[in-house]
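A closer look at the structure
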Amino acid sequence: MEIQSHFSLKNYNTFGIEANAEQFVAVHNLSELKSILEQNKSQKKFVLGGGSNMLLTKNIEALVIHIDLKGKKILKEDADFVWVESQAGENWHEFVLWTIDQNFGGLENMSLIPGNVGTTPVQNIGAYGTEIKDTFVSCKAVNIENQEMRTFTNEECNFGYRESIFKNEIKDQYIIVSVVFKLTKQNHKINTSYGDIQAELAKKNITAPGLKDVSNAVIAIRKSKLPDPAELGNSGSFFKNPILLKTDFEPIHQKFPEMRFFDISETEVKVPAGWLIEQAGLKGKRFGDAGIHKNQALVLVNYGGATGQEILDVSKTVQDIVFNTFGIHIEAEVNII
């Protein structure tokens, strides 16, 4: 466990942005993490997981702690359910595939989401009708200030749409070291409600899909729409889908009757941000080495030499044009550093 100075983070963020950490260390177990925190109490710290949900716009003048804790185990099980604990540094997609191989259900719709397990509760990640909160039981986290361990239950995490207590009330106070999920062993709740999944299954003539079928369908959809960060720098969906009060949405919908939306409660609707960006004529637009992906308007990309600031500028351009066109503000889902 060695602290390195002026360390390049280009290979530690999926946008492939060239930025340096003033200091950098990778920790591989809880003991190392506590030791680093104890020995560097006065130092400013930055916690780094898979680097998949952030945009680096500058060098990080801090001690960057890369969470590389590995391992997964079954805590308990009964006839219907299994409680699985994964360490924070496990790759999310590989963990999802492992659960499917064990015939454990609940995570299959979130296949191929980039990042590590430890950061999934922070964003309450989700895709195709499921979110982390649906299977999340608890997580263990270390207090950065005093190294004390705390367990956060599902209720204590205050999950919302791409939100949690870790992004708000206790931001930068804890480091998640492991996460526990409650998954099904039988009578799986197969969710194929999204049209894209239904279409993909129909292509393969699958009428009674299992966990693997749904996962494969999601993987195929994501690969067709989303660029591989190893080939084209990106952070997946850059923007949140805006949620509007129906009273605010109705006059907008009258002006744009073709606008897509989904009811999420009696008083609110969700509008697909990708649709707004595409209809505003921005899909596939390129601004130097930064741009909007040609297949998925929600995704901003680095064509090779873009700086984080250039990508941020593109995101602000997108926000301005969407607001000026539709009167709807779209927020970044990615953390801007």
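Here is a short report on the structure shown in this document. (Residues numbered from 1 in each chain as written. Predicted model: local features only at pLDDT ≥ 70, side-chain atom pairs only at ≥ 80, totals over all residues. Heavy atoms only, no water.)

1. A short note on the layout of surface pockets
Operational definition: In the cavity and pocket records, a cavity denotes points on a 1 Å grid over the protein atoms alone where a 1.4 Å probe fits but cannot get out, a pocket denotes an open set with protein on both sides within 12 Å along at least 5 of 7 lines, and lining residues are residues with an atom within 4 Å of a point. Grid points are joined across faces, edges and corners, and a volume is the space filled by probe spheres set on the points. Here a strand is any run of E in DSSP of at least two residues, a helix any run of H or I of at least four, and the numbering for each starts at the N terminus. For this classification, Asp, Glu, Lys and Arg are treated as charged, while Ala, Val, Leu, Ile, Met, Phe, Trp, Tyr, Cys and Pro are nonpolar and the rest, including Gly, are polar.
One number sums up the size of the second largest pocket: a volume of about 750 Å³. If you go around the second largest pocket, you meet 34 residues; those closest to its centre are T14, P114, D228, P229 and A230. Looking at the lining of the second largest pocket, the elements that each hand over two or more residues are α5 (211-225) and β13 (233-237). Among the elements that take part in the lining of the second largest pocket, β13 stands out by supplying three residues, more than any other. Taken together, the residues of the lining of the second largest pocket sort by class into ten nonpolar, 17 polar and seven charged.

2. Quick look at the packing of helix α2 (residues 92-101) against α5
Our working definition: What counts as an axis is a line fitted to C-alpha atoms, over the stretch in contact for a helix, and the angles between N-to-C directions run from 0 to 180 degrees. Here the angle decides the label: under 35 degrees means roughly parallel, over 145 means roughly antiparallel, 65 to 115 means roughly perpendicular, and every other value means oblique. Left-handed describes a crossing whose near helix is turned anticlockwise from the far helix by less than a right angle; the clockwise case is right-handed. Two residues form a contact once any of their heavy atoms are found within 4.5 Å.
Packing of α2 against α5 brings their axes to within 9 Å, and their N-to-C directions diverge by 155°. Overall, the two elements α2 and α5 adopt an arrangement that is roughly antiparallel. Along this stretch, α2 crosses α5, giving a crossing that reads as left-handed. Between α2, through H93, L97, I100 and D101, and α5, the contact on the second element is made entirely by L211, K212, S215 and I219. The residue makeup of the contact of α2 with α5, split by class, is four nonpolar, two polar and two charged.

3. Regarding the nonpolar core
Heads up, the rule is: Only buried residues count toward a nonpolar core, which is a set of Ala, Val, Leu, Ile, Met, Phe, Trp, Tyr and Cys residues joined through side-chain atoms within 4.5 Å. Residue burial is assigned from relative accessible area. The probe radius is 1.4 Å, only protein chains are included, and a residue is buried under 20% of its type maximum, exposed over 50%, and partly exposed in between.
If you look at the biggest cluster of nonpolar residues, it comprises 46 residues, and the most contacted ones within it are M259 and I277. Among the secondary structure elements, those contributing two or more residues to this core are β2 (20-27), β3 (45-48), β4 (54-55), β5 (60-67), α6 (246-255), α7 (273-279), β18 (290-292) and α8 (308-326). Element by element, the count of residues in this core is highest for α8, at six residues. Aside from chain neighbours lying at most four places away, what touches M259 is F249, I252, H253, V271, W275, L276, F326 and I328. In this structure, V84, V96, A127 and V179 belong to the second largest nonpolar core, which totals 36 residues.

4. Some remarks on the packing of helix α4 (residues 195-203) against α5
Put simply, α4 and α5 touch, their axes get as near as 9 Å, and they point 110° apart. Classified by the interaxial angle, the pair formed by α4 and α5 is roughly perpendicular. Together, D196, I197, E200 and L201 of α4 and D213, A217, V218, A220, I221 and K225 of α5 make up the contact between the two elements. Of the residues belonging to the contact of α4 with α5, the class tally is six nonpolar, no polar and four charged.

5. Some details on the packing of aromatic side chains
Selection criterion: Pairing of aromatic rings covers Phe, Tyr and the six-membered ring of Trp, with a centre-to-centre limit of 6.5 Å; geometry is then stacked below 30 degrees between planes, edge-to-face above 60, and tilted otherwise.
Tallying each qualifying case throughout the model produces 17 aromatic pairs. Judged by centre distance (5.1 Å) and plane angle (70°), the ring pair of F152 and F166 falls under edge-to-face. Here F152, found in strand β11 (residues 149-153), pairs with F166, found in the loop between β11 and β12 (174-184); they are 14 residues apart in sequence, far enough to count as distant. Between the aromatic rings of F256 and F326, the centroid separation amounts to 4.9 Å while the plane-to-plane angle is 65°, which identifies the pairing as edge-to-face. Highlighted residues: F256 in the loop between α6 and β15 (262-263) and F326 in helix α8, separated in sequence by 70 residues.

6. Quick look at α8
Selection rule: Each helix should span, by expectation, one fewer than its residue count multiplied by 1.5 Å. Here the arc refers to the set of directions running from the helix axis out to each C-beta atom.
Look at α8: 27 Å from first C-alpha to last across 19 residues, which is about the 27 Å you get at 1.5 Å a residue. When α8 is considered as a whole, its buried residues turn out to be G308, I311, L312, V314, S315, V318, Q319, V322 and F326. Viewed end-on, α8 has its buried residues packed into an arc of 155°, placing them on one side of the element. Positive backbone phi, approximately 75°, marks G327, located one or two places after α8.

7. Section: the state of the cysteines
We apply this condition: Only a pair of cysteine sulfur atoms within 2.5 Å counts as a disulfide in this structure description.
Summed over all chains, the structure comprises zero disulfides. Unpaired in terms of disulfides, C139 finds its nearest cysteine sulfur in C157, a separation of 4.6 Å.

8. Digging into the side chain of E32
Definition in use: Counted as positive: Lys and Arg. Counted as negative: Asp and Glu. His and the chain ends are not counted at all. Basic side-chain nitrogens of Lys or Arg form a salt bridge, by our definition, when they fall within 4 Å of a carboxyl oxygen of Asp or Glu. Definition of a polar contact: a pair of N or O atoms within 3.5 Å, with one able to donate and the other able to accept a hydrogen when the atoms are protein atoms, and with sequence-neighbouring residues admitted only if both atoms are side-chain atoms.
Position of E32 relative to the elements: it lies in helix α1 (residues 30-39). Buried charged residue E32 carries no salt bridge. Nearest counter-charge: K70, at 12 Å. Separated by 2.8 Å, the side chain of E32 and the backbone nitrogen of H28 make a polar contact. Residues contacting E32, with those up to four places away along its chain left out, are M1, A26 and V27.

9. Topic: the sheet that holds β15
Test applied: Only when DSSP finds a minimum of two bridges between them are two strands counted as paired.
Taken together, three strands build an open sheet; the order of strands is β14-β16-β15 and the sheet is antiparallel. The sheet terminates laterally at β14 (243-245) and β15, the two strands that pair on one side only. Against the sheet, α6 engages β14, β15 and β16 (268-270), with an angle of about 95° to β14.

10. A look at the side chain of E90
Mapped onto the elements of the fold, E90 is located in the loop between β7 (81-87) and α2. The exposure class of E90 is buried, given its relative accessible area of 10%. Polar side-chain contacts of E90 include one of 2.7 Å to the backbone nitrogen of G71. In this structure, E90 is in contact with L69, K70, G71, K72, N116 and V117, ignoring residues within four places of it in sequence.

11. With respect to the sheet that holds strand β10 (residues 136-143)
Strand order in the open sheet made by the five strands is β6-β7-β12-β10-β11, with antiparallel pairing throughout. Taken across any chain shown, the strands that pair with only one partner, and hence form the sheet edges, are β6 (72-77) and β11. Sheet twist, expressed as the mean angle between neighbouring strand axes with direction ignored, is 20°. Alignment of β10 against β11, held across five bridges, turns out to be antiparallel.

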